[in-house]
Amino acid sequence: MAVNPSIITRDLDKIADKTGNIYESLHIVGQRAKQISNTLKEELNAKLSEFASTVDNLEEVFENKEQIEISKFYERMPKPSALALEEFIEDKIYHRFPEEPTGE
């Protein structure tokens, strides 16, 4: 069984040290991964919309090599969760916690 060479073992203690809690750290990484994913999805859809066809007839639909290459490029990119975790480890993510309401 071959192991994917892009898989990296992470020290959970280092991730937890950033916030003092592993679950808070992973929540922050997850939220950033959602942001990255949404941005990439918008970019991909914008690029693919240039090739959109208004033809509904299946016989007139053809392969567009540029469209396929764009899709393959996005498939080969690192996953949003990996990008977000890397940003978190390198202190490139700004995060804050909402302030506790005062009892006044």
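Residues numbered from 1 in each chain as written. Predicted model: local features only at pLDDT ≥ 70, side-chain atom pairs only at ≥ 80, totals over all residues. Heavy atoms only, no water.

Per an unreviewed UniProt entry, the protein carries the name DNA-directed RNA polymerase, subunit K/omega and comes from Algoriphagus aquimarinus.

J.: Outline unusual backbone geometry, listing residues and values.
T.: Positive phi, normally seen in glycine, also occurs at aspartate 91, with a value near 55°. Along the chain, aspartate 91 falls in the segment after helix H4 (80-89). By relative accessible area, aspartate 91 is classed as exposed at 58%. (Helix = DSSP H or I, 4+ residues; strand = E, 2+ residues; numbered from the N terminus. Buried < 20%, exposed > 50% of the residue type's maximum accessible area, 1.4 Å probe, protein only.)

J.: Outline the pattern of salt bridges, listing residues and values.
T.: Summed over all chains, the structure comprises four salt bridges. Note that glutamate 87 and arginine 32 form a salt bridge whose closest N and O atoms lie 2.6 Å from each other. Here glutamate 87, found in helix H4, pairs with arginine 32, found in helix H2 (residues 22-49); they are 55 residues apart in sequence, far enough to count as distant. Judged by its relative accessible area of 25%, arginine 32 is partly exposed. For glutamate 90, the salt bridge identified is with lysine 92, shortest N-O distance 2.9 Å. (Salt bridge = Lys/Arg side-chain N within 4 Å of Asp/Glu carboxyl O.)

J.: Before we move on, could you go through the nonpolar core and cite the residues and values that matter?
T.: Ile15, Ile28, Val29, Ala33, Ile36, Leu40, Tyr74, Ala84, Leu85, Phe88 and Ile93 together form the largest nonpolar core, which totals eleven residues. Looking at this core, the elements with two or more residues in it are H2 and H4. (Core = buried A, V, L, I, M, F, W, Y, C linked by side-chain atoms within 4.5 Å.)

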